[in-house]
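Fold and contact review
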Amino acid sequence: MLISVYIPFLVSAALAVLAPPVAHRLPPRRAALALACAALVTAAGWAGSLALLAFTGVAQIPQIAEEGRWSVSALRSQDPVYAVVAAVSTLVLAACAVSLCVAAVRQGRHLLRARRECAGLPGDTELAVLDDDVPLAFALPGSPGRIVVSRGMLRRLDGAEREALLAHERAHLRGRHHVFQSVWRLTAALNPLLRPVAVAGNFVLERWADEEAAERVGDRTVVAHAVGRAALASAGASRPAALAATGGVVPQRVRALLAPPPAHRSLPLLAGGLLLAVCCASLANAASDSDRMLDSAQWALCRAHAGTATATAAPTDHDGAPGHGPDGCRAAPDRPEHGERYF
């Protein structure tokens, strides 16, 4: 626990730095799936490490120790965490929990608003054309989702570019990209270090839709022209609750479409998987160490209640079975060396 409790923090920082540039070089569908998994694992690791650090300090509160039936002095003598680190971890964990709740409410409202707007669109086909001169094109999630395009946007594109635009929006709906967006927004709210991952994820979703549109149309240049012209036409008319062909960093998307499709690379995914495995293993190790310290503190309290004679004798059950002390206390586990700290 000396080091392992901090590993999830380091993994989160490494992911924030390395994931965006690596994701831009991977096939977008695989990159989106990898970023979503990485965000979920590291957010859970972040919260778990904060909870362990906070609990080792909270556990030394007499009222908490009385409920848990462990010795405050024994727990404190093992120096599991500095008081200032426990206090800061408690505050950060509380702030992250509040941030997650606020983000969840906002995301829920966004999705409900999109579904209501989707249900209120005219017609019952997948495509809804708005009689509006303002150039707009976006996909609304729903059951089923709808593609919304204004006449102003259609007038600015030729036939092939319109097909590319619609293929892009269909890819958003078919891939359920709003679910990925929700994952990244919520994990970034819980773990602020993951905000660059959320930004990279939104870009990857647009690239995913671009690549599927290019496959459907059969011409990457046409899709690049459609993305560029749609972005120029709809500048300043974006909709934060919708998935639009004009989202993301458009110049980078156009350059990627004018280049060959990204090659399949397995090494970055294997390295990322190994990093996440280290995160999970370190958190499990830290939790196990914390459990052993609490067991040791509980046994110390049992010995104090039993008296010096019972404390120095080998603990036995009433029927003579070894491994338990008075009042059903478990035998003391191996205690960590005195002075060993994990901050």
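Just so we're clear, the structure is a prediction, and the values are computed from it rather than from any experiment. (Residues numbered from 1 in each chain as written. Predicted model: local features only at pLDDT ≥ 70, side-chain atom pairs only at ≥ 80, totals over all residues. Heavy atoms only, no water.)

Here the focus is unusual backbone geometry. Within the chain, R176 stands out as a residue other than glycine whose phi angle is a positive 50°. Note on placement: R176 falls in the loop between α7 (159-174) and α8 (177-190). (Helix = DSSP H or I, 4+ residues; strand = E, 2+ residues; numbered from the N terminus.)

Further remarks concern the environment of L257. Positionally, L257 belongs in helix α11 (residues 250-258). Between the C-alpha atom of L257 and that of V227, which follows or precedes it by 30 residues, the distance is 9.6 Å. Among all residues touching L257, those that are not within four sequence positions of it are R207, D210, E211, A214, R220, V223, A224 and V227. (Contact = heavy atoms within 4.5 Å.)

This part takes up the confidence of the model for the protein. Considering every residue of the protein, the mean pLDDT works out to 82; 80% of them sit at 70 or more. Note on residues 309-314: pLDDT under 50 across the span, and two contacts to partners over four residues away in sequence or across chains. Long-range and interchain partners of residues 316-328, a stretch whose pLDDT sits below 50, account for 19 contacts in this model, where long-range means more than four residues apart. (pLDDT = per-residue confidence, 0-100.)

Quick look at the packing of aromatic side chains now. Evaluated as defined, the whole model comprises four aromatic pairs. Centroid distance F180 to W208: 5.6 Å. Interplanar angle 80°. Geometry classified as edge-to-face. A residue pair is termed long-range when its members are at least 10 positions apart, and F180 in helix α8 and W208 in helix α9 (residues 195-217) qualify at 28 residues. Exposure remark for W208: the relative accessible area of 7% places this residue in the buried category. Members of the aromatic cluster, connected to one another through ring pairs, are Y6, F9 and W46. (Phe/Tyr/Trp six-rings, centres within 6.5 Å; stacked < 30°, edge-to-face > 60°. Buried < 20%, exposed > 50% of the residue type's maximum accessible area, 1.4 Å probe, protein only.)

This part covers the side chain of S12. Among the structural elements, S12 can be located in helix α1 (residues 7-25). Here S12 falls in the buried class, since its relative accessible area comes to 0%. Sequence-distant contacts of S12, defined by excluding residues within four places in its chain, comprise T42, W46, N191 and L193.

Their axes nearest at 11 Å, the elements α9 and α11 cross at an angle of 35°. Note that α9 runs across α11; the crossing there is right-handed. Contacts from F203, E206, R207, D210, E211 and A214 in α9 reach Q252, R253, A256 and L257 in α11. Here the residues of the contact of α9 with α11 are counted per class, giving four nonpolar, one polar and five charged. (Axes fitted to C-alpha atoms, helices over the stretch in contact; angles between N-to-C directions. Left-handed = near helix turned anticlockwise from the far one by under 90°. Nonpolar A, V, L, I, M, F, W, Y, C, P; charged D, E, K, R; others polar.)

Okay, a nonpolar patch on the surface next. A cluster of nonpolar side chains, namely V17, L18 and V22, defines an oily patch on the protein surface of about 260 Å² accessible area. Its location among the elements puts V22 in helix α1. Classification of V22 by relative accessible area gives partly exposed; the value is 33%. (Patch = residues over 30% accessible without salt bridge, like charges linked within 9 Å, V, L, I, M, F, W, Y side chains within 5 Å. Areas by Shrake-Rupley, 256 points an atom, 1.4 Å probe, with all protein chains shown as cover. Salt bridge = Lys/Arg side-chain N within 4 Å of Asp/Glu carboxyl O.)

What the rule picks out here adds up to nine salt bridges. The partner of D133 in a salt bridge is R155, and the shortest N-O contact between them spans 2.4 Å. With D133 in the loop between β1 (127-130) and β2 (137-140) and R155 in helix α6 (residues 151-155), the pair connects residues that are 22 residues apart, well separated along the chain. R155 shares its class with D133; the two are exposed. For the salt bridge of R174 with E212, the shortest nitrogen-to-oxygen distance reads 2.8 Å. On the criterion of sequence distance, the pair formed by R174 in helix α7 and E212 in helix α9 is long-range, its members being 38 residues apart. R174 gets classed as partly exposed once you look at its relative accessible area, which sits at 47%.

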